[in-house]
Amino acid sequence: MAKKVALAYSGGLDTSIIIPWLKETYPGCEVIAMIGDLGQREDLEAARKKALATGASAAFIEDLREEFVTGYIWPTLRAGAVYEHKYLLGTSFARPILAKRQVELARKTGCDSLAHGCTGKGNDQVRFELAAKALAPDLQIIAPWREWSIVSREEAIAYAQAHNVPVEQTKENIYSRDRNVWHLSHEGGVLEDPANEPDEAMWQWIISPAKAPDTPTKVEIGFEEGTPVSVNGKKLGPLALIEELNGIAAANGVGRMELVENRLVGIKSRGAYETPGGTLLIAAHRELESLSLDRETAHYQQILSLRYAEMVYYGMWFTPLRESLDAFFSHSQKRVTGSVGLSLFKGNVSVASRKSPFSLYRTGLASFSMKGYNPKDAEGFINLFALPITVPIEAKA
């Protein structure tokens, strides 16, 4: 039986009802609420007070924003990791840092158990628990959605009402959302049918492309060794840089995306995501790599980027392989320094310029002029390159 539980608490529907449920299910249980500040722009002090009012013996707000950007977002960006062509992993890499701080707080306060509000059908339960098993395998894990009799969000709302727990969700506003400095996700509601177009009212951050400015907005992003360092020539800290790009992109309708994705647990699900600044950073970083990386490294990175994205999505952050891949990408990014200019117009992003002191682009070689290049060399190259094609044909003759 759990005696003292560290709960990863957001103040949303699921975690709000977990506190009274834990105290009912484990009599005498003490609940410590951990609220991680990842830049979600919510009233976290109100969430802390709510946790205490609904039965938590203590509640802590942990400012994780800077560590989140430098230790989780930047490595994933340097790896060029995007899951299934579209998803920029905003929720995926937020879970390991929350779980890490949850474990640290559990140790500090003498907890014997950890609890989370992830559903039994989703990816987040895996992400939280893999992190917990890597960092604190001795602590018991309590996952209420796998234990209680509640089977739907409607029933969760009813439970909250019966226990006088205030929640924002209603049967009309049923979306499950997750926000941090990188993105805002939406699940549930009309999105559960892939045939339905998302409601315009669902989007909360990025302006409709139709209502975006009628003239393009230009923005230049500077990088040093694959890490973003400036916007429009102005050096910015990690958190300020993302927030600056978020404002620019959101005002131009850039960063909305929805997809049907393959969950780790084997279920296809549909989500909608708003990732304004992240969309710009991914586009700019990719273009700078095209200028500064040699062909073999660039092509090999595509293979490792896919694997890195899968590992982040699967919750395999605290693993030797992910750390080893970080070492590879840290080295491969040594040349990825320079700047990329982007043009934003009504939800679209186009590349305006690419500049790097380590550029491998040579105008003399790329132009139609034959200066500095002997075209006769191509004949022998083609003959050798064609041997796997011509030898079998000759054998048949």
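Check the entry above for the structure.
K.L.:
If you had to explain a nonpolar patch on the surface to someone new, which residues and values would you point to?
P.N.:
Judged by side-chain polarity, Leu365, Met370 and Tyr373 come together as a nonpolar surface patch covering roughly 340 Å² of accessible area. Mapping methionine 370 onto the fold places it in the loop between α11 (363-366) and α12 (377-385).

K.L.:
With reference to specific residues and values, describe the layout of surface pockets.
P.N.:
Volume-wise, the second largest pocket comes out at about 460 Å³. Lining the second largest pocket are 15 residues, and of these Gly80, Arg286, Glu289, Gln302 and Ser305 sit closest to its centre. When residues of the lining of the second largest pocket are traced back to their parent elements, those giving at least two are α8 (276-292) and α9 (295-314). Within the lining of the second largest pocket, the residues separate by chemical class into five nonpolar, seven polar and three charged.

K.L.:
Residue-level account of the sheet that holds strand β11 (residues 256-262), with values.
P.N.:
Reading across the sheet, the four strands line up as β6-β7-β12-β11 and stay open at both edges, with antiparallel pairing between neighbours. The open sheet has two edge strands, β6 (176-179) and β11, and neither has a second partner. On average, each strand axis in the sheet is tilted by 25° relative to the strand beside it, whichever way the strands run. As defined by bridge partners, β6 adjoins strand β7 (residues 184-187) across four bridges and the pair is classed as antiparallel. Directly across from serine 176, in β7, lies its bridge partner glutamate 187.

K.L.:
Could you give an account of the pattern of salt bridges, naming the residues involved and the relevant values?
P.N.:
Throughout the structure, instances matching the rule amount to 25 salt bridges. The salt bridge involving glutamate 67 is made with lysine 100; its shortest N-O contact spans 3.1 Å. With a gap of 33 residues between them, glutamate 67 in helix α3 (residues 65-78) and lysine 100 in helix α4 (residues 94-109) connect regions that are remote in the sequence. Here arginine 107 and aspartate 138 are joined by a salt bridge, their closest N and O atoms 2.8 Å apart. Residue arginine 107 is found in helix α4, and its partner aspartate 138 is found in the loop between α5 (124-135) and β5 (140-142); the two are separated by 31 residues along the sequence. The class of aspartate 138 is exposed, set by a relative accessible area of 52%. Beyond isolated ion pairs, a larger network of salt bridges with shared partners links Glu62, Glu67, Lys100, Arg101 and Glu104.

What counts and what doesn't
Residues numbered from 1 in each chain as written. Predicted model: local features only at pLDDT ≥ 70, side-chain atom pairs only at ≥ 80, totals over all residues. Heavy atoms only, no water. Patch = residues over 30% accessible without salt bridge, like charges linked within 9 Å, V, L, I, M, F, W, Y side chains within 5 Å. Areas by Shrake-Rupley, 256 points an atom, 1.4 Å probe, with all protein chains shown as cover. Salt bridge = Lys/Arg side-chain N within 4 Å of Asp/Glu carboxyl O. Helix = DSSP H or I, 4+ residues; strand = E, 2+ residues; numbered from the N terminus. 1 Å grid on protein atoms, 1.4 Å probe; cavity = no way out; pocket = protein on both sides within 12 Å on 5 of 7 lines; lining within 4 Å. Points joined across faces, edges and corners; volume = space filled by probe spheres on them. Nonpolar A, V, L, I, M, F, W, Y, C, P; charged D, E, K, R; others polar. Pairing = 2+ DSSP bridges. Axes fitted to C-alpha atoms, helices over the stretch in contact; angles between N-to-C directions. Buried < 20%, exposed > 50% of the residue type's maximum accessible area, 1.4 Å probe, protein only.

The values are spatial; any link to function lies outside them.
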